[in-house]
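Breakdown of the fold
One letter stands for each residue in the lines below.
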Amino acid sequence: MFRKILIANRGEIAVRIIKTCRRLGIATVVVYSEADADSMAVEMADESIFIGPAPASASYLVADKIVEACRATGAEAVHPGFGFLSENAGFAKRLADEGIVFIGPNPHAIEAMGDKIESKKFAARANVSVVPGHVGEIDDTAHAIRFAEDIGYPVMIKASAGGGGKGIRVAWNRQDVEEGFPAVRAEAKASFGDDRIFIEKFIESPRHIEIQVLGDKHGNVIHLFERECSIQRRNQKVIEEAPSPLLDEATRAAMGAQAVALAKAVNYDSAGTVEFVAGQDRSFFFLEMNTRLQVEHPVTELITGVDLVEQMIRSAWGEKLAFRQEDLSINGWAMESRIYAEDPYRGFLPSIGRLVRYSPPAEGEAEGGVLIRNDAGVREGDEISMYYDPMISKLSTWGPDRIAAIDAMGQALENFHIEGLGQNIPFLAAVMDQERFRSGRLSTSYIKDEFPEGFQGTAPDNFQKDLMTAVACAVHRVIAGRAAGGRLRDDWVVIGAGEHRPVVLETSEEGLKVVLLDEGRVLTLGQVDWRPGLPVFRGVLNGRDFACAVQPAAEGYLIRHRAATSRILVLSPRSAELHNMLPPKTAADTAKLVISPMPGLVVSLDVEAGQSVRSGEQVAIIEAMKMQNIIRAERDGVVKAVLVAPGASVAADEVLIEFG
């Protein structure tokens, strides 16, 4: 077995690989950029090598620097993780020439399947059903428009070397192609160093299902069943699960057999994923093959018990697969939620910054026999950089069935607390609670269908109203009691979450009792785990475990449970009476301002002072997390001033343009 492996990646996947290497007794080396000098991966690895500036094009994508790091440390093999150089056949060949083992498929398989254009040509020759499209490179915007109109809208504009949801746009009309083609080409060049583009038909209401394959260097290939990745936003997977709630045994077997046949045709010899687009009727078409480890591999590991990173290493060493297809079976159900540094309340825009608080749920077996796993490469105090993918961690749960896995995920998300930047935990919790998701009626348009106006949280249900009332009373009792030296009244009025509730508080052996005077009910709050300064309040309300985020507000307390957030006030009866007489606050008028919705880099400014602008017209492009975001005018008007310049770094809410 290898004595030392170099990991040519960063973040959570570098940490994930280190953990398996430690278990196998293999020493590890990580390379790092300026932005990752103090990262968790650098701390955990046995050795680390600095390879350059923060931009990936100057560090993680430079093959010469990876090879030199191997020479300097004596690493015998390189695990590329995912992204960066993981699907670069030239890099795999270069390592072979240097006598270094590439922990991934052979270069021929990467070339045949890793290139999105060539893979479709290969699949067509192999009589595999593929999505209709132009299987060839697109030269320019005019060329793209011509092919899009030949195929018929909607179409997908995709980077040939793309992956991870980058370098891809759906175009519904000519204008979308005119704007999307140059944006996709720019993203492809920045992320993959390859700006080749192709176009294919976009199948409406599809499901995204992929088959995990695994091969060795002796001609053996097996599959480890499927994952469903239909919950996507901007073609970036958000929630994945294994197995799929769509498939029956016959379809599962057919998809698995097709994936294995395709892998065998190119002598595939590592972990890889054959992706399919599936109809609601279980029809399916080959989409592409990812010749690497997938971000969502934990859900497959949880239902099969197979460590895919270990199997990649063993295959690269030359070992035969230790199991056959008939040895594998699906055990239970697994869910994965990608925790991103983004603000779901502002169109999911990137939210870079420091993790002022980072408190994930405890890993391992939890109540009810479920399992919790959190793959992360960050710690409290770390910074999420604008230079890389905005993922913070991957939270996975396992249960004996789908509903158990979903419920475990909902509870785990409750217990996951992050401060310092925007994050999508409330949104993920909202999906877990939706009846449509729980029933398994999924499609890749799910988020657009269910949140057509964007995400603004959810209204608190009856349990959440009770929870917020009880928690606010408990918190207020502690804080006000300290200020009053322990002398407190017991009658209060709780205002918030659409409620105006007179209450009386009583203490008992069971905990705090909140008597709802107008409703003839009593809330019992017990097993409280909270003290002033803690951001998470845990307890049991009328027999139900919960966790919620609590923070002091200008008035009262801001309480969030899953996707429901409310400001709750606990007032004396007289104060409550006076509070109802206060006039409502009016929001500041920002109608004449174009504001940057995210921190990032100004790529271009498309207007100047004195220019007339129409509502919806492009006025700027801001790049963040390797994605180019088009900023549009929200009203007609004449530009009074342009306040930033191309190349400038801007903060969230910074004014870019002012109208007269």
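Whatever comes next refers back to the structure up there.
Now for a quick tour of the structure.

Rules behind the numbers
Residues numbered from 1 in each chain as written. Predicted model: local features only at pLDDT ≥ 70, side-chain atom pairs only at ≥ 80, totals over all residues. Heavy atoms only, no water. Helix = DSSP H or I, 4+ residues; strand = E, 2+ residues; numbered from the N terminus. Rg over C-alpha atoms; globule rule 2.2 N^0.38 Å. Buried < 20%, exposed > 50% of the residue type's maximum accessible area, 1.4 Å probe, protein only. Contact = heavy atoms within 4.5 Å. Areas by Shrake-Rupley, 256 points an atom, 1.4 Å probe, with all protein chains shown as cover. Lys, Arg positive; Asp, Glu negative; His and termini not counted. Charge placed at Lys NZ, Arg CZ, Asp CG, Glu CD. Axes fitted to C-alpha atoms, helices over the stretch in contact; angles between N-to-C directions. Left-handed = near helix turned anticlockwise from the far one by under 90°. Nonpolar A, V, L, I, M, F, W, Y, C, P; charged D, E, K, R; others polar. Pairing = 2+ DSSP bridges.

A few words on the overall build of the protein. Helix and strand content of the protein: 17 helices and 40 strands. For 660 residues, the compact-globule estimate of 2.2 N^0.38 gives 26 Å, and the C-alpha radius of gyration of the protein, at 27 Å, lies within 12% of that figure. In the protein, which comprises 660 residues, the proportion classed as buried is 57%. When contacts within the protein are restricted to residue pairs at least 6 apart in sequence, long-range pairs at least 24 apart make up 64% of them. As displayed, the protein has an accessible area near 26,400 Å², and 50% of this comes from carbon and sulfur atoms. Distance between charge centroids for the protein: 1 Å, based on 71 positive and 92 negative side chains.

Next up on the list: the packing of helix α1 (residues 11-24) against helix α11 (residues 308-317). Packing of α1 against α11 brings their axes to within 9 Å, and their N-to-C directions diverge by 65°. In this structure, α1 crosses over α11, and the sense of that crossing is right-handed. Here R16, I17, T20, C21, R23 and L24 of α1 lie close against α11, whose contacting residues are L308, V309, E310, I313 and R314. Here the residues of the contact of α1 with α11 are counted per class, giving six nonpolar, one polar and four charged.

Of all eight residues in helix α10 (residues 297-304), eight are buried, a share of seventy percent or more. Burial in α10 covers these residues: H297, P298, V299, T300, E301, L302, I303 and T304.

Below, the discussion takes up unusual backbone geometry. For the peptide bond that leads from Y153 to P154, omega is 0°, which places it in the cis range. As for its placement among the helices and strands, P154 is situated in the loop between α7 (141-151) and β7 (155-163). The peptide bond linking A242 to P243 adopts the cis configuration, its omega dihedral lying at -5°. Position of P243 relative to the elements: it lies in the loop between β12 (236-242) and α9 (249-265). In this structure, R282 takes a positive phi of about 75° despite not being glycine. Considering the arrangement of structural elements, one finds R282 in the loop between β13 (271-278) and β14 (284-290).

Turning to the sheet that holds strand β35 (residues 612-613), a few remarks are in order. Adjacent strands of a sheet pair through backbone hydrogen bonds, lying either parallel or antiparallel. An order of β33-β40-β38-β35 is seen for the four strands of this open sheet, with the pairing classed as antiparallel. Looking at which strands have only one partner, the edges of the open sheet turn out to be β33 (593-595) and β35. The pairing of β33 with strand β40 (residues 655-659) spans three bridges and is classified as antiparallel. By the bridge assignment for β40, L593 is matched with E658.

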